[in-house]
Amino acid sequence: MEEVDVDPPITNIPAVGDGKHMGFAWGPGDILVYETQHKASGTSRSGSSFIHEVRKDEDIYSPILRKLFNESHHIFVGLQTIKEDLPSKTKKPQFVSISKNYRSVIRACMEELQQAAISTKDAEEATRYGNQVSILLATELIWNLCEVLFIDAAPAGSLLLHLLDWVRLHKADVYEKAREVLQSESPAEHKDFWDVVVSYVLQGKLEEARQMLTKQANRQPAAKNMYKLMDSLLSKMPFYNPAGTQTLTEFDVKWRHWHEEVDRCLQDNSFASNHHLELICKILLGDEDTLLECKELLSTWYHFLVTRLLFCHPTVKPTELHYYAQSCLTMFLDLRSAPEALDSILLAAFEFDIHQVIKDCSIALNNWWFVAHLTDLLDHCKLLQSHNLHFGSNLREFLLLEYASGLFTHHSLWQLAVDYFDHCPEFGRVYLELQIERVPLDTERKALKVLRICEQRQMSEQVRSICKIMAMRALRNNRLGSALSWSIRAKDAAFATLISERFLQDYCANGTFSDLDLIDNLGPAMLLSDRLTFLGKYREFHKLYGEKRFSEAAKLLLSLMTAKIAPRSFWMTLLTDALPLLEQKEVIFSAEQTYELMFCLGELTSSMSTTAPGTDRPMQEEDIEQTKVELLRLALARNLAMAIVKEGTIET
Amino acid sequence: MFVARSIAADHKDLIHDVSYDFHGRRMATCSSDQSVKVWDKSENGEWHCTASWKTHSGSVWRVTWAHPEFGQVLASCSFDRTAAVWEEIVGESNDKQRGLSHWIKRTTLVDSRTSVTDVKFAPKHMGLMLTTCSADGVVRIYEAPDVMNLSQWSLQHEISCKLSCSCISWNPSSSRAHPPMFAVGSDDSNVACGGKVQIYEYNENTRKYGKAETLMTVTDAVHDIAFAPNLGRSFHVLAIATKDVRIFKLVPRKESSSSGPTKFEVQIVAQFDNHNSQVWRVSWNITSTLLASSGDDGCVRLWKANYMYNWKCTGILKGDGSPLTGLSGQPTAMSTVVGSSVQTSQNALNGMSAGRYFFPPLDPPRAGTRYGHLLPPSSLIEHCDVESVQPQQQALPHRLSSRALLTLPEAEAQ
């Protein structure tokens, strides 16, 4: 492919002085630019302190086009599931039908835009809708041609029939005109009567043309024979029937006979007295000059091309198309200086240069929707590989990644993009990873949605990061329960420890736990961090105590200390919790357990006394601490006595 | 491309840096007026300033966000020879209602004896680490060992680069195959001093950063530097703003010994002198499909690689000195958009239409006209509805523009 340099488009930024330095910052869907001065110069002070948000794609913000994106996404996903190993004979109809589905989505969207353009009162908006309609129209036109030429790949004979359908579909205004004529009081006298007839003939709609002509014939009884002759010529024109038994050669012979007959009629001046009929006769002969006289009615060079093929080369082969296309383009556009982008794209298609079509469309269209989907479909049809091994799936993936990345900047469309990335084998995964972690986690619901997508794809780092972000945010807002459950999801032990600590601090301060539901149902998640285990177990102790299952509670409490699950800083609280148990009438802690408790207390007080000199605690606090210790010692001693007595009694 | 919105930043002096947060919902701006402002994006896309405070006693060069895993944390660096770390605290509900937030200074990093020219957080997988570089040629790496206590930062590494440093960039790769690595650029303009971009890599054994490479071909002053997201590749891509824009590929050499730093094969991928003179900033978009650069020509240029990794300029943003017609937050915001779209069509006349080339528009359908009913509209190109009320200028520029575009252009996707 030749490298042609084209000037990149310039976007003007208001309120930034011409030639002034600009700074910028990339955002997810836009780029921020601002005036600045990079050189350290004395005369810095500048007037402008605006920041401008520059966006690339405005299309994805159109609610109507959003439907296009949504619906084509379904088709895309469906296409990806077509089995690779099916024989191409059964696959081809599937591909054609998928192609038609895409086109019908474009059409539906176009209709809606058209309605919107009509109903809006805002001229600006109407223009914008109008622009979008014209883009979609061109898109569909190109797509349809690609479908005929590349996907359906009709052979000689059928090829022309498909092209005729293509032109008829995109030159539909003749039906509108015909209706207008027929609904008028005297259709035969209508100023557009002959335009309609000729248009029908140009499109090969000979049946319709004949019906129109009978109206004229009835009005001119004198010319009855002439009309009859034309009617017979029109009715006799052979059309190839791909489903029939006739071979292409047979058809060709038949067609030549007919052509000769028409030619004879022209030569013997059968229609000399009626220039309209004479014109039609010349059209039937495919006379180039006559066809070019009908330029207004043909309106496009590709209509001219198809009409010319119809009446000169009905058995045209795909490989011959480019020759006729090129010459029709040149003949038709002689008045205009040069072809437009659309012309070049269609011409490239007629030349079967798929890459040129895709390349030109990428430049000419303002979003990646069209090229991405078309290329994907062509790639599935194995058309890109056969064309050039070096490109192929590379190109497909490149375009899909571009399109999906564009979707990702949208607050809801990003979910569609995920499936596109899934079907890009080389970079899809990395792109998804990079993009999905940037999706703003505005609410817990959205976070869960993003999380689910990441979990389904085993994107563990993203899962961890999202949970961590949510945990941090919840913690900052003092929602400890939410913070804890997010950090459990993130399997973030350090953070779970930190939050557990906060829970315990809160308990020490208020004497109650918040988020009981969560803590009571930790299950195996408790094992994530020691502190979390302690939190869970400590809460379990409270529950047992509340249910008056004292001996179990006591056993658990003790084990928290002896198994070193409880942090040393918390032992005093635990021992204090043991106090009421020690002072129950019945013995709860056995003698052995009481010894262990005493040992714990001893260990605690000895460590307290070693750190005491260093700390500068107020006297009062130390007093309280001292009183607590003494109370505990007393209770422990009493309990020990009771336990020994009790245990001795039972033994005997 | 179009200007969707203009925001009056209301800084009393030059803006030096604007930085998006990780999710693109907040931005921070800093200025010579010694302040930093934080902006929040509302549901409808408008930006609101939620905090503005004096941060330094000199021009603030750069402001940057920590990853949200670490909370809402900003770092700034200044001419006043310090860098600072700021944390947003969840304020009184009163403030929230008024749309204000509180930022408090967690630490001031005062180790530099000269202007701190750049500040960057290290990739999040390394923990909460902050890097500064300064005019005295020292790169400093700080770490907050306890992410819940941002007032404690310890200086972990001090790396002398011998040349006045202007910019720093971390390699974002979190692959185990890639040890932590950063690039530092120098704006020393003395060509004789040799390469102005140095690559440093962390060595597990010595627990120190060692120089892995100096880009010897870059001898002019370097103003900015940016590693591209790694995309799971074995090599790294580095963009450099010097007297031109350069894109390098750093391919780790297989034979490099396990003990020493990785040796790289340095390949230049692209080099653009379109800015005509000094280039000041380079930066990648999220997936590194686009590189933006700004330079002395007053333009921001966007560079894009096609699927064969050929780089091309695909867009230019340029100040035109025209007055601003509407401001964000005002009901007139729409007119900003209108203003710029008018410019677009003027440009289209020169064959340089903004964004992509549009097919000629159809006449806008009106209720009651034939076209109004017709679905789809009858003609693609020849729309000769004589009674059209559409002003001439609408159709004309497009026709002209399409002609100007004829010589068929290099596709982005080529």
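Our structure is the block above this text.
The model shown is predicted, which means the values in this text are computed figures rather than measured ones. (Residues numbered from 1 in each chain as written. Chains lettered and ligands numbered in written order. Predicted model: local features only at pLDDT ≥ 70, side-chain atom pairs only at ≥ 80, totals over all residues. Heavy atoms only, no water.)

**Student:** So, the overall build of chain A: which residues are in play, and what are the values?
**Tutor:** Scanning chain A from terminus to terminus reveals 31 helices and four strands. Relative to the compact-globule value of 26 Å for 652 residues, chain A shows a C-alpha radius of gyration of 42 Å, a clear excess of over 25%. Taken over the C-alpha atoms alone, chain A extends approximately 140 × 80 × 55 Å along its principal axes. By residue count, 55% of the 652 residues in chain A fall in the buried class. Within chain A, contacts between residues separated by at least 24 positions form 63% of all contacts whose residues are at least 6 apart in sequence. A total of about 29000 Å² of accessible surface is found on chain A, and carbon and sulfur atoms cover 52% of it. (Helix = DSSP H or I, 4+ residues; strand = E, 2+ residues; numbered from the N terminus. Rg over C-alpha atoms; globule rule 2.2 N^0.38 Å. Buried < 20%, exposed > 50% of the residue type's maximum accessible area, 1.4 Å probe, protein only. Contact = heavy atoms within 4.5 Å. Areas by Shrake-Rupley, 256 points an atom, 1.4 Å probe, with all protein chains shown as cover.)

**Student:** Tell me about the sheet that holds strand S22 (residues 279-284) of chain B, and name the residues and values.
**Tutor:** In spatial order, the strands read S1(A)-S25(B)-S24(B)-S23(B)-S22(B); together these five strands make up an open sheet with mixed pairing. One side of each edge strand has no neighbouring strand; the edge strands of this open sheet are strand S1 (10-13) of chain A together with S22 of chain B. With direction set aside, neighbouring strand axes in the sheet form an average angle of 20°. (Pairing = 2+ DSSP bridges. Axes fitted to C-alpha atoms, helices over the stretch in contact; angles between N-to-C directions.)

**Student:** Tell me about the pairing of strand S15 (residues 181-186) of chain B, residues and numbers included.
**Tutor:** Residue and element names in this part refer to chain B. Judged by how many residues are buried, S15 sits mostly within the fold: six of six residues are covered. In this structure, strand S14 (residues 165-170) lies alongside S15, joined through five bridges in antiparallel fashion. If you follow isoleucine 168 over to S15, its bridge partner there is valine 184. Across five bridges, the pairing between S15 and strand S16 (residues 197-203) is antiparallel. Across the sheet, the residue bridging to valine 184 is glutamine 198, located in S16.

**Student:** Describe the packing of aromatic side chains, listing the residues and the values that go with them.
**Tutor:** Within the structure shown, the criterion is met by 41 aromatic pairs over all chains. Look at phenylalanine 513 of chain A and tyrosine 538 of chain A: their rings are 6.1 Å apart centre to centre, the planes differ by 75°, and that puts the pair in the edge-to-face class. Highlighted residues: phenylalanine 513 of chain A in the loop between helix H25 (493-510) and helix H26 (516-520) and tyrosine 538 of chain A in helix H27 (residues 530-546), separated in sequence by 25 residues. We classify tyrosine 538 of chain A as buried; its relative accessible area is 0%. Three or more aromatic residues link up through ring pairs in this structure, and these residues are Tyr507, Phe513, Phe534, Tyr538, Phe541, Tyr545, Phe550 and Phe570 of chain A. Residue placement shows lysine 249 of chain B over the ring face of phenylalanine 235 of chain B; its charged tip is 4.4 Å from the ring centre. (Phe/Tyr/Trp six-rings, centres within 6.5 Å; stacked < 30°, edge-to-face > 60°. Lys NZ or Arg CZ within 6 Å of the ring centre and 35° of its normal.)

**Student:** I'd like to hear about the sheet that holds strand S11 (residues 129-134) of chain B, residue by residue, with values.
**Tutor:** Residue and element names in this part refer to chain B. Spatially, the four strands line up as an open sheet ordered S10-S11-S12-S13, and their pairing is antiparallel. If you trace the sheet from one side to the other, it starts and ends with strand S10 (116-121) and strand S13 (154-160), each paired once. Taken pair by pair, the neighbouring strands of this sheet meet at an average axis angle of 20°, ignoring direction. One ladder, built from five bridges, connects S10 with S11; its direction is antiparallel. Within S11, the residue paired with valine 116 across the bridge is serine 134.

**Student:** Run through the packing of helix H1 (residues 63-80) of chain A against helix H17 (residues 369-380) of chain A, naming residues and quoting values.
**Tutor:** Residue and element names in this part refer to chain A. Axis separation between H1 and H17 bottoms out at 11 Å; the angle between their running directions is 15°. With respect to H17, the element H1 is oriented roughly parallel. When you trace H1 past H17, the crossing you get is left-handed. Of the residues in H17, those touching H1 at Leu68, Phe69, Ser72, Phe76, Leu79 and Gln80 are Trp369, His373, Asp376, Leu377 and His380. Of the residues assigned to the contact of H1 with H17, the class counts are six nonpolar, four polar and one charged. (Parallel < 35°, antiparallel > 145°, perpendicular 65-115°, else oblique. Left-handed = near helix turned anticlockwise from the far one by under 90°. Nonpolar A, V, L, I, M, F, W, Y, C, P; charged D, E, K, R; others polar.)

**Student:** Help me get a handle on H27 of chain A, residues and values and all.
**Tutor:** Two residues of an α-helix separated by three or four positions point the same way, owing to the 3.6 residues in each turn. All names here are of chain A. The end-to-end C-alpha distance of H27 is 24 Å, a good match for the 24 Å that 17 residues give at a rise of 1.5 Å each. By the burial criterion, the buried members of H27 are Arg531, Leu532, Thr533, Phe534, Leu535, Gly536, Tyr538, Arg539, Phe541, His542 and Leu544. In this structure, the buried side of H27 is in contact with helix H24 (480-489), H25, H26, helix H28 (550-562) and helix H29 (571-582). Remark: lysine 548 follows H27 within two positions and exhibits a positive phi of approximately 65°. (Expected span 1.5 Å × (residues − 1).)

**Student:** Before we move on, could you go through the packing of H24 of chain A against H25 of chain A and cite the residues and values that matter?
**Tutor:** All names here are of chain A. Packing of H24 against H25 brings their axes to within 9 Å, and their N-to-C directions diverge by 155°. Relative to H25, H24 is oriented roughly antiparallel. The way H24 lies across H25 gives a crossing that is left-handed. Taking contact as the criterion, the partners of Leu480, Gly481, Ala483, Leu484 and Ser487 in H24 are, on H25, Phe495, Ala496, Ile499, Ser500, Arg502, Phe503 and Asp506. Here the residues of the contact of H24 with H25 are counted per class, giving seven nonpolar, three polar and two charged.

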